[in-house]
Amino acid sequence: LSIFLSTVRHNNNMQKVFYGSKAKIWQLLGCELLTIGLGFLSGLLSGSMNGYDGINMPSFSPPSQIFAPVWTTMFFLMGWSLFLTISHPKTVLQKASLVLWCVQFALALIWPFIFFNVDKTVAFVINCFLTATVVALITLNFAVNKTSAWLLVPYVLWLIFASLQTLAIIILNA
């Protein structure tokens, strides 16, 4: 909430932001429900809820119980970032940001299915593309909405860790 309020305070057109603030709250809730809900559904349908049973894990892997709260947090941050981007005045940069957001979200949603059901090497490649897409999104969002960009930094750090972990899993389970 403090990030939202700080964004509102720093907006040059405060009256426009405050106008329809109930609608903004519903828009924020919609973004959060979309990202967290589809993220949960993706995990559920992929079989990832069973954890990493039968997979040799690298020594630096966190316990399986950590992944659900971390991904919930990442999806929450994605939703907030989406809300701030949608709330920004319509420009070419804002539209490009929304396209990149949708691409990264689609990649994030298919990754668990690929990892748990198809091929870990393909999942690694997808995660590399996902990470590059989020880096591009963060870079673009610094021109659109700095808070939106900063909200995605923990996500890209988690994706870098996930790439390293996936690579280690591929090597350990070869």
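It should be noted that the structure appears before, not after, this text.
Give a detailed account of the environment of Thr91, specifying residues and quantitative values.
With respect to the helices and strands, Thr91 occurs in the loop between α4 (67-87) and α5 (92-118). When the C-alpha atoms of Thr91 and Val144 are compared, they prove to be 8.7 Å apart, with 53 residues separating the residues in sequence.

Mind laying out the environment of Ser61, listing which residues take part and the relevant values?
Within the fold, Ser61 resides in the loop between α3 (21-46) and α4. What makes Ser61 buried here is its relative accessible area of 16%. Separated by 104 residues in the primary sequence, Ser61 and Gln165 have C-alpha atoms spaced 6.9 Å apart. Among the polar contacts made by the side chain of Ser61, one reaches the side chain of Gln165 at a distance of 2.8 Å.

An account of a nonpolar patch on the surface is requested, with residue identities and associated values reported.
A surface patch of nonpolar side chains, about 560 Å² in accessible area, is lined by Leu34, Leu38, Phe40, Leu41, Leu44 and Leu45. Structurally, Leu44 can be placed in helix α3. Leu44 sits in the partly exposed class, given a relative accessible area of 46%.

Thresholds, definitions, all that
Residue positions are given per chain, counting from 1 as you read along its sequence in written order. Local features are withheld for residues below a pLDDT of 70 in this predicted model, meaning they are given only at 70 or higher, and side-chain atom pairs are given and counted only at 80 or more; totals for whole chains, interfaces and linings count all residues. Side-chain measures were taken over the full set of non-hydrogen atoms in the model, leaving aside hydrogen atoms and water. Runs of E in the DSSP output that reach at least two residues are strands. Runs of H or I that reach at least four are helices, and both are numbered from the N terminus. Burial here depends on accessible area, computed with a 1.4 Å probe over protein chains only, as a share of the maximum for the residue type. Under 20% is buried, over 50% is exposed, and the range in between is partly exposed. Under the rule applied, a polar contact is a pair of N or O atoms within 3.5 Å (in protein, one hydrogen donor and one hydrogen acceptor; residues adjacent in sequence only if both atoms are side-chain atoms). Residues enter patches when they are more than 30% accessible in relative terms and free of salt bridges; like-charged ones are connected within 9 Å and nonpolar ones (Val, Leu, Ile, Met, Phe, Trp, Tyr) within 5 Å. All accessible areas in this document rest on Shrake-Rupley with a 1.4 Å probe, and a residue is counted as covered only by the protein chains that are shown. A pair is scored as a salt bridge if a Lys or Arg side-chain nitrogen falls within 4 Å of a carboxyl oxygen belonging to Asp or Glu.

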